[in-house]
Each structure stands twice: as structure tokens, then as C-alpha cells.
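Structural overview
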Amino acid sequence: MVTVDEGRVAAIEPTSTPPPDALGSDRSIITPGLVDLQLNGAFGHDFSDPSADLAAVAGALPSTGVTAFLPTVISSPPERYAACLANLRRPVLRDAARVLGVHLEGPFLAPEHAGTHEPSALRPPDVQEALGWLQHGDVRLVTLAPELPGALDCIRALDERGVLVAAGHSGATWAQAQRAMEAGLRMGTHLFNGMRQMHHRDPGLAGWLLAAPVPVSLICDGAHVALETVRWVAAAKGPDQLIIVTDGLAALGMPPGRYRLAGQGIVSDGTVARRPDGTLSGSALPMDHVLGGLVASGIDPSLAVRAATRDPARVLGQASDLGSIAVGRRADLVLLDDSWRVRATLIEGQVAFAAGSGTPGRSPIKDEARVPDRTVLSPT
Ligand code: ZN
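Here's what I pulled together on the structure shown here. All figures in this text were calculated on a predicted structure; none of them were measured in a lab. (Residues numbered from 1 in each chain as written. Predicted model: local features only at pLDDT ≥ 70, side-chain atom pairs only at ≥ 80, totals over all residues. Heavy atoms only, no water.)

1. Digging into the pairing of strand S16 (residues 264-268)
Burial along S16 is one-sided: the residues Gln264, Ile266 and Ser268 are buried and none of Gly265 and Val267 is. Strand direction decides the pairing type here: strand S15 (residues 257-261) and S16, joined by 5 bridges, are antiparallel. Looking at the pairing, Tyr259 lines up with Ile266 of S16. Hairpin connection of S15 to S16: 2 residues between the antiparallel strands, including Ala262 at a positive phi of 50 degrees. (Buried < 20%, exposed > 50% of the residue type's maximum accessible area, 1.4 Å probe, protein only. Helix = DSSP H or I, 4+ residues; strand = E, 2+ residues; numbered from the N terminus. Pairing = 2+ DSSP bridges.)

2. Some thoughts on empty space enclosed by the protein
Under the defined criterion, the tally for this structure stands at 1 cavity of 30 Å³ or more. Its boundaries defined by the atoms lining it, the largest cavity holds a volume of some 40 Å³. As for the largest cavity, its lining consists of Pro32, Gly33, Val35, Thr67, Asp321, Leu322, Gly323, Ser324, Arg330 and Asp332. Looking at the lining of the largest cavity residue by residue, the classes come out as 3 nonpolar, 4 polar and 3 charged. (1 Å grid on protein atoms, 1.4 Å probe; cavity = no way out; pocket = protein on both sides within 12 Å on 5 of 7 lines; lining within 4 Å. Points joined across faces, edges and corners; volume = space filled by probe spheres on them. Nonpolar A, V, L, I, M, F, W, Y, C, P; charged D, E, K, R; others polar.)

3. Considering the sheet that holds S15
If you trace the 4 strands from one edge of the open sheet to the other, you get S15-S16-S17-S18, paired in antiparallel fashion. Edge strands, defined here as strands with exactly one partner in the open sheet, are S15 and strand S18 (280-283). If you compare each strand with its neighbour and ignore which way they point, the axes differ by 35 degrees on average. Bridging between strand S17 (residues 272-274) and S18 involves 3 bridges; their strand directions are antiparallel. Bridge assignment links Ala273 to a residue of S18, and that residue is Gly282. (Axes fitted to C-alpha atoms, helices over the stretch in contact; angles between N-to-C directions.)

Right under this line is the structure:
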């Protein structure tokens, strides 16, 4: 049983027979609130569009178990960044997922690994442009291709200002990746997708990321990488260095159909979305579905939960407050059923989403929430 007081976890006690609770849910699992470091959009909104409704997305994300996230902007023309970043400044919202800052994926990416990024929006790294972004918004994570000319200066400049830099959409060799780490590179973005692949005589960026002491994110929707691959990546990386991201698009949480990504048309089949030429653009699978798929495929549930909670919080330097259930920490909690679907999500002890209630609503257990459980899966 987890007891919540004043928005913080007040006590955690083991129970064999959960008493009835105010939520009335037939819950079986409690996890910390899920943290998504790569969300390009959701619920019909695309964060690469300066008119995206951030509040609407943040308000709907608790229905997927996500309680904190980085809205992500993909490669765009230079003049677009000020407006996008201004639109994504952290709002103060109640009963909504917390905005931890912005992830800029691009525009300093390798054209030959552009994936869904518009080639005309890619350009070589430029320190002045990168520092300019910091004037317009709260940039927390930048994904770039570390082998490009000027990339190392950019990595150093961003790292010195507390911005996390990740390698992605890149053709870097092992040696180039190693030099980038020495300059301040601290993460790999969506391992295997949009990067130089591994060969036993030329391990490239993918091989380096598997061996290096930096965390990697993976898109675990079963389409971007096989779920069997997730299992051996987890084994190769060891504890703490695997981060599950949705790479969600405007299509996430929406029916299959046509959506937009940075001005381009994409088509979602309900799991992934693609450009008209078939290029994968990102995912439509919500985080609770991603976790359910991983567990159904045989992945240790504790590992999956860590990779969606504590490990992303840790790479952002926020593990002391987010990503685990511990006395004194924020009471961001997710109650999941046996199929890993969200029954309820609490943010700072308040019910931000309850399944079947129609709309997110207030809990009658406001000041002293007592959340019984059968299984608490919390990284410590
Ligand atoms: Zn990408």
C-alpha cells in the first residue's frame, strides 16, 4: 500500500489483502509515472507545428500512464525554431503530464540517415544557431550526428550549458562516436533506427552505443525494432542504460488515418506511421501499450518499468524526484490492470486520469490518498 500526503509519497507498506480504495479499480500493478523523452506529438497535435496545443496533449497523456515528457521538434527550417520553442515553454498545469523541457531531434543530422526528416531541413552543426535555441525555450536534449563538421564544438557548447546531447540519425564510426563522448555526448537516440548499422568488422555507431557507458533509447513498438532485439540490448547494456521512448506522433492516441509531421503528410495504421514512400516516421503506440507488448514478449516487467521511469529520469538528472516510488518523492503513480492498460494515473497524488470516468477527474482521496496494490513495481 502506498500512502500519499500533500502530493508526496508518505509511506509504502506491504499488504497481502488490499482494502477497498476510493478509486474502486481492479488494479494489480502500481508503477511510478512513466517518463517519455521523445514525443513528437500526440492526440492530433504535432509539436513541430508552432500552433500545437501543448496543454491538450499534456492533459491527455495521463490516460497513457505518462506523467512527464519532452515534447520533441524534428528538423525544421531555421526560422521555425523560435516559434516552436516559445510554444513549448513549460506551462504550469494541474492534472496534466509535466513538461520537462524540449527535445530537438535535428536539424544537425546526416542526410544519408535522415529517415523521415525532410532533407532540405538538415544542415551542418552551427554553434551560434544552437545557442540561439536556448534563448527561445527550455531545450533539455538535442539529438545530432556527431560525425558532421562542427559537431564536436556544438556538443561542447551545449554540454557546458547543461543540455544533454545524444547521437542519432548518424553515420558515425566507432572512433567518431568515441571522440564525441569525450566532447560531452551522453546518450544514443533510438538505437538502430536512422544510424550506421553494426558489422563485425565495422561496429559503427550502433555497435559503439551497445558497448559505451551511455544510455540508449529504443522505440519498442515492435515495428521499429523486434521485441527480441530489445531483450538482448537490455542484456548488453546492463542495468540503468536502456530508455524506452514512444517516438509518438500526432497519430498517437488517435484512430488510424492521415496526420502531419513537420508539415509532411504521414499515414498511421494505428501502430506506426509512415511517409507515402513507406519510410517509418514514428509510432502511434501509447506507452502503456508499449510496456504491455514488451512484457507479453517475455521481457522482465521490472526491467521494462525501469526503462520507462527511473532510467529516463536519471539521464535528465531528475532521478531524485521522478521515476521511482519512494517516501518523500512526488506521488506520480500509475495503476495498471493485468493487461498493462492504465486504470488510473495520479500526478502529485491527484487523479489525473481514471479509466471509465469519461474525463480526467478529481479524486476523493485528495489529501491522504491510500492506494492499495498487489504488486508495486518501482525502481529503487
Ligand atoms: Zn528519429
